[in-house]
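Fold and geometry: a report
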Amino acid sequence: METNKSKPKIIIKILGRRLSNITINILSKPFKKRPKKLQIPENPTLQNPQIPSFLPSSPTMAHHKHHDDTPPFLFPKAQSTVLPDPTRFFAPNLLSSPLPTNSFFQNFTLKNGDQPEYIHPYLIKSNLSSLSLSYPNRYSTPNFIYQTFTADLTIASTSNPSEIHQISYFHDLSVTVDFPPSLRFHLVRGSPYVTFNTLSGPQDLSISTIHAILSFSSNDSCTKYTVSMNSGQTFLIYSSSPINLVKENLSLLTAKNFTGVVRIAVLPDPNYESILDQFSPCYPISGDASLNKPFCIEYNWVKKGWGDLLLLAHPLHVKLLSEDSCVSVLEDFKFRSIDGDLVGIVGDSWILKTDPISPTFHSVKGVNQTGYTEIISALSKEVEELKSTKITTNSSYFYGKAIARAARFALIGEEIGFTDIIPTVQQFLKDNITPWLDGTFNSNGFLYVKKWGGLVTKLGVTDSGADFGFGVFNDHHYHLGYFIYSIAVLSKIDPNWGRKYMPHAYALLADFLTLSKKSDAIYTRLRMFDLWKLHSWAGGLTEFGDGRNQESTSEAINAYYSASLLGLSYGDTHLVSIGSTLTSFEIRAAQMWWHVRKDDTLYEEEFTKQNRVMGVLWNNKRDSGLWFAPPEWRECRLGIQLLPLLPISEIVFEDLGFVKDLVEWTKPALQREGVGEGWKGFVYALEGVYDKDSALGKIRVLGGFDDGNSLANLLWWVYSRGSESEESVRCCWYRHYGR
């Protein structure tokens, strides 16, 4: 095959100077110099790097010193009968540390470990003794967008075949998968190459495909091969030393006695070949993300070889890439993905900056005083009902919604000056939250399992389906977000109670918001939040063919927003900072991938025409349906992306044009027989953003409300909407002077 060596027309954008060393870190312990990059040793028994623990104190906050000799509160320990055994796929030295439970490589650790994971831009699948990669095709219907796995190439050692793969090392942006004793794969997210190296001396290799190889050629030094197939695909194979690949048959290449590094890349466009040639000698072996500054995430990769590092950025990366990054953007070098085109970035350190927001207990623009009388009337009735109402559910999810609903009453009353109701709410919250914290709630409660490093519920210890899978680490941020919100409010209005149960509150929080990578950490690092995709996942330790998934972005946002409110209640500026930072990133991701705008080109035209909001977003699929409802139940889709209705919701739905389109798209579904009154309430809430009178009229005659919502909360929302001409306020006024 003749190689196209013509110089491609690539637009290169240079971004700024590299960020100077940060001497005061808001979210982790301070350091005077940039920490040294960690090198991965050349053996399979690897240790995770140690970085500062969960939200340590700052030198500027001497009045909040930690007492390191006092161990943190731990919920009672338990032995789960439903959690999978991690010893099969994790290296032995990793087993003493908390393990990830919602990671981008989770399928590699579950059941037989043979379901694919989407490590952009490739679907990667382990076959225990070999690894297959697929540059997937993307298909769409009005209700789905999905990618299919095809074993385009399968790599194995034939001289020392492995019996099983092993996770030897994992990072925020990469995972190292060994096939002992022969091969090690450095799977780095966003790498246009799949990279592996030999482990123990020369290896006989096989590279096979389910397609037919039409042409096969090498350069003079036998360090680059070009393979074209009847699928229409072309792959480039690079090696650090000469490799004698032989075409055994139409679908098999072999090589004898090879030692070194091999990199494989699909060639989406012939014009990209010179770019892939240029950057093939430099390869990443790991990548980490740092939260060292509010509303920023910094990526750093450890690399080997020589030259500059080429990676791919998804659309949200490109939007948030800071001019402080010392990178080059190859705007016309693109790989397809289900998340939109991946664009080439040259550089081993990126800085992403999101919009600053200020967490607040109350509405951003204030409540119009014309609504006070009506809100007070609703509050009086609904708070009075708390005196005779007992929470009857033992579900951690629905229980959390019930206490968060009550907490809203206290804040609404406080905001409009109707404080008479606060003592009743305060007592209700104390009576219903405390038993979950001190272990006296007999029907359920929180327990700690060391095997994976996290919380489960009493019901979930023996039943993987109980509490919506909380016992297998599904939906933790949803459930705990409601508890954290309620605790933040109760601690605000009852500081004595807040101080007493502060250790318990932080134990709940740390389950999904720990930053530490220390080997002796209690909880895994950022259990739900994906630092590469910039949003959370909710799948837990359940094997799915399409990887992790998330349904409700608004409940994910609530978790981090509630964390920042807890920080406000406790005067913990670190917690306010990390909570609001992750809230902002989660919002930006929701607006990009879950909110489907009419003029979007991110998704196919037939899908965009049919949808205004996502149902369930999977790592490898887009689904209009919900776990509990078909695509036609549009009111449920709108509602699940809005609940719980809070001050932060205004920022999530700040695009007035989109809000109007979303409501108009949803309204026909309300004519369906059997539509729940609670779901209607959320539709009317968004209608109130641009048509208050119409929304109020509909809200006043609702026959019921979502179990986490209320009439008072809906009235508060509508009466706190500003005029259409008002500028949306994302953060405090200091933003005008702090940029």
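A short tour of the structure in this document, coming up. Since we're looking at a predicted model, the values are computed, not measured. (Residues numbered from 1 in each chain as written. Predicted model: local features only at pLDDT ≥ 70, side-chain atom pairs only at ≥ 80, totals over all residues. Heavy atoms only, no water.)

Here we look at the sheet that holds strand β7 (residues 153-157)
Inclusion rule: Here the rule is simple: two strands pair whenever DSSP picks up at least two bridges between them. Helix and strand definitions follow DSSP, with helices as H or I runs of at least four residues and strands as E runs of at least two, each counted in order from the N terminus. Where helices are involved, their axes are fitted lines through C-alpha atoms of the stretch in contact, as for all axes, and angles between N-to-C directions lie from 0 to 180°.
Spatial ordering of the open sheet is given by β2-β3-β4-β7-β12-β17-β16, a layout of 7 strands whose pairing is antiparallel. With one partner strand each, in any of the chains shown, β2 (117-119) and β16 (246-249) form the two edges of the open sheet. Across the sheet, the axes of successive neighbouring strands diverge by a mean angle of 25°, strand direction being ignored. Both β16 and strand β17 (residues 252-258) contribute to a ladder of 3 bridges, which runs antiparallel. Paired with K247 across the two strands is L253, which belongs to β17.

A few points about the pairing of strand β25 (residues 446-449)
This is how the line gets drawn: Each residue's exposure class comes from its accessible area (1.4 Å probe, protein chains only) as a fraction of the maximum for that residue type: buried when under 20%, exposed when over 50%, partly exposed otherwise.
What you see with β25 is no split at all: F446 and Y448 on one side and L447 and V449 on the other are buried throughout. Looking at chain direction, β25 and strand β26 (residues 454-457) are connected through 4 bridges and run antiparallel. Residue pairing across strands places F446 opposite T457, the latter belonging to β26. The turn linking β25 back onto β26 is made up of 4 residues, and G453 within it adopts a positive phi angle of 80°.

Side note on helix α3 (residues 372-386)
The following threshold applies: An expected span of 1.5 Å times one less than the residue number is assigned to each helix. The directions considered for the arc run from the helix axis to the C-beta atoms.
For α3, which comprises 15 residues, the first-to-last C-alpha distance of 21 Å matches the rise-based estimate of 21 Å (1.5 Å per residue) to within 8%. For α3, every residue scored as buried is listed here: I375, A378, L379, E382, V383 and L386. Looking straight down α3, one finds its buried side chains confined to an arc of 120°; they lie on one side. Along α3, the residues that are exposed and aim more than 90 degrees away from the buried face are T373 and K381.

Here we look at the packing of aromatic side chains
Definition in use: Any two of the Phe, Tyr and Trp rings considered here, Trp counted by its six-membered ring, make a pair once their centres fall within 6.5 Å; the pair's planes then place it as stacked at under 30 degrees, edge-to-face at over 60, or tilted in between. Distance and angle both matter: a charge sits over a ring if NZ of Lys or CZ of Arg is within 6 Å of the ring centre and within 35 degrees of the ring normal.
A full pass over the atoms with the stated rule returns 44 aromatic pairs. The aromatic ring of W593 is capped on one face by K533, whose charged end is 4.5 Å from the ring centroid. Directly above the ring of F658 sits R597, whose terminal nitrogen or CZ lies 4.7 Å from the centroid.

Quick word on the side chain of N102
So the rule is basically this: Polar contact is the term for a pair of N or O atoms within 3.5 Å; when the atoms are in protein, one must be able to donate a hydrogen and the other to accept it, and sequence-neighboring residues count only if both atoms are side-chain atoms.
Looking at the element boundaries, N102 is found in the loop between β1 (12-15) and β2. A relative accessible area of 5% means that N102 is categorised as buried. A distance of 2.9 Å separates a polar side-chain atom of N102 from the backbone nitrogen of G539. Among the polar contacts listed, one links the side chain of N102 to the backbone nitrogen of G540, at a separation of 2.7 Å.

All we've got here are geometric facts, nothing functional implied.
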